[in-house]
Amino acid sequence: GAIGPTNRTASISPDITQPSYRNITWDELVEAYTEQVAGLIDGGADILLVETIFDTLNAKAALYAIQSYLETNGLDDTPIFVSGTITDASERTLSGQTIDAFYASIMHCRPFSVGLNCALGAEQMKPHIQKLARMAECYVHAYPNAGLPNVMGEYDETPAKFTEQMAAFVSERIVNL
């Protein structure tokens, strides 16, 4: 069951004139994530994936909700996957965390797998996933975009090229799941 980032962020103000303003609280995020977890587990999910993390504080709220729900319901052995999103060559999430800081922020939940998804194609993601793979104490996954649009909104990358790039992730042992 995939748990996305929501349309709110706990770390960044949506109002540039009020940097301290937030349009959501920790408790509201935990409540929303707990509802998602309950629905996914009730629907038969046997793995929980916190994905497209651009704000690690949101991810921590999701992980807190997951762990609380699983402990309360005797489901402690449910695997948790965590997948961050690096938005560009700066090696940072949208809220400004580096890959090192992202991993340090979520490793307490002992994820079954950690990785990156979205925002970048395989070629652009590769150096970031390599760095994550060097520090991860669990399985590492990646699911980059299968090509990115050019300035005309068209896709230049072919399925064959994407397959070749992804095969390198496996042959170079930077992903193992």
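Keep in mind it's a predicted model, so treat the numbers as computed, not measured. (Residues numbered from 1 in each chain as written. Predicted model: local features only at pLDDT ≥ 70, side-chain atom pairs only at ≥ 80, totals over all residues. Heavy atoms only, no water.)

Asker: Honestly, the pairing of strand E5 (residues 139–145) in this entry has me stumped. Any pointers?
Answerer: When a strand is regular, its side chains alternate between the sheet's two faces. Pairing of strand E4 (residues 113–121) with E5 involves 6 bridges; the strand directions are parallel. Bridging across to E5, Val-114 finds its partner in Val-140. A crossover links E4 with its parallel partner E5, the connecting element being helix H4 (residues 122–135), and its sense is right-handed. (Pairing = 2+ DSSP bridges. Helix = DSSP H or I, 4+ residues; strand = E, 2+ residues; numbered from the N terminus. Right-handed = clockwise from strand over helix to strand, strands pointing away.)

Asker: Explain the packing of helix H2 (residues 56–72) against helix H3 (residues 99–106) to me, please; I cannot follow it from the model alone.
Answerer: Two elements in contact, H2 and H3, have axes separated by 10 Å at closest approach and are oriented at 20 degrees. Between H2 and H3, the angle is such that the two are roughly parallel. Pair H2 / H3 crosses with right-handed handedness. Seen from H2, the contacting residues are Thr-56, Lys-60 and Leu-63; seen from H3, they are Phe-102, Ser-105 and Ile-106. Looking at the contact of H2 with H3, its residues break down into 3 nonpolar, 2 polar and 1 charged. (Axes fitted to C-alpha atoms, helices over the stretch in contact; angles between N-to-C directions. Parallel < 35°, antiparallel > 145°, perpendicular 65-115°, else oblique. Left-handed = near helix turned anticlockwise from the far one by under 90°. Contact = heavy atoms within 4.5 Å. Nonpolar A, V, L, I, M, F, W, Y, C, P; charged D, E, K, R; others polar.)

Asker: Before we go on, may I ask you to explain the side chain of Thr-56 in this structure?
Answerer: Mapping Thr-56 onto the fold places it in helix H2. Once residues within four sequence positions are removed from consideration, Thr-56 is found in contact with Ser-95, Gln-97, Phe-102, Ser-105 and Ile-106.

Asker: Help me out: how do you make sense of the environment of Glu-172 in this one?
Answerer: With respect to the element layout, Glu-172 can be found in the segment after helix H5 (159–171). The class for Glu-172 is partly exposed, based on a relative accessible area of 41%. In contact with Glu-172, not counting residues within four places along its chain, are Lys-126 and Gln-130. A polar contact of 2.8 Å, which involves the side chain of Glu-172, links it to the side chain of Lys-126. (Buried < 20%, exposed > 50% of the residue type's maximum accessible area, 1.4 Å probe, protein only. Polar contact = N/O pair within 3.5 Å; in protein donor to acceptor, adjacent residues only side chain to side chain.)

Asker: Explain the environment of Leu-63 to me, please; I cannot follow it from the model alone.
Answerer: Mapped onto the elements of the fold, Leu-63 is located in helix H2. In this structure, the C-alpha to C-alpha distance between Leu-63 and Gly-153, residues 90 residues apart in sequence, is 36 Å. Leu-63 has contacts with Val-50, Ile-80, Val-82, Ile-106 and Cys-109, leaving out every residue within four places of it along the chain.

Asker: Help me understand the layout of surface pockets in this model?
Answerer: In this structure, the largest pocket spans a volume of roughly 150 Å³. Forming the boundary of the largest pocket are Gly-121, Ala-122, Glu-123, Gln-124, Gly-147, Leu-148, Pro-149, Asn-150, Asp-156, Glu-157 and Gln-165. A breakdown of the residues in the lining of the largest pocket according to their chemical character gives 3 nonpolar, 5 polar and 3 charged. (1 Å grid on protein atoms, 1.4 Å probe; cavity = no way out; pocket = protein on both sides within 12 Å on 5 of 7 lines; lining within 4 Å. Points joined across faces, edges and corners; volume = space filled by probe spheres on them.)

Asker: Just to check I follow, could you spell out the packing of aromatic side chains for this structure?
Answerer: How two aromatic rings sit relative to each other is set out by the distance from centre to centre and by the angle between their planes. Summed over the entire model, instances satisfying the criterion amount to 3 aromatic pairs. Where Trp-26 meets Tyr-64, the ring centres are 6.1 Å apart and the plane angle is 50 degrees; that geometry is what we call tilted. Of this pair, Trp-26 sits in helix H1 (residues 26–42) while Tyr-64 sits in helix H2, placing them 38 residues apart in sequence. By relative accessible area, Trp-26 is classed as partly exposed at 34%. Taking the relative accessible area as the measure of exposure, Tyr-64 reaches 46% and is therefore partly exposed. Measuring from centroid to centroid gives 5.6 Å for Phe-81 and Phe-112, while their planes differ by 15 degrees, and the two rings are stacked. Here Phe-112 lies in the loop between H3 and E4 and Phe-81 lies in strand E3 (residues 80–84), a separation of 31 residues in the sequence. Under the relative-accessibility criterion, Phe-81 is labelled buried at 14%. Of the residues examined, Phe-112 reaches a relative accessible area of 38% and is grouped as partly exposed. Taken together, the ring pairs in this structure connect Phe-81, Phe-112 and Tyr-139 into an aromatic cluster. (Phe/Tyr/Trp six-rings, centres within 6.5 Å; stacked < 30°, edge-to-face > 60°.)

Structural measurements only, silent on function.
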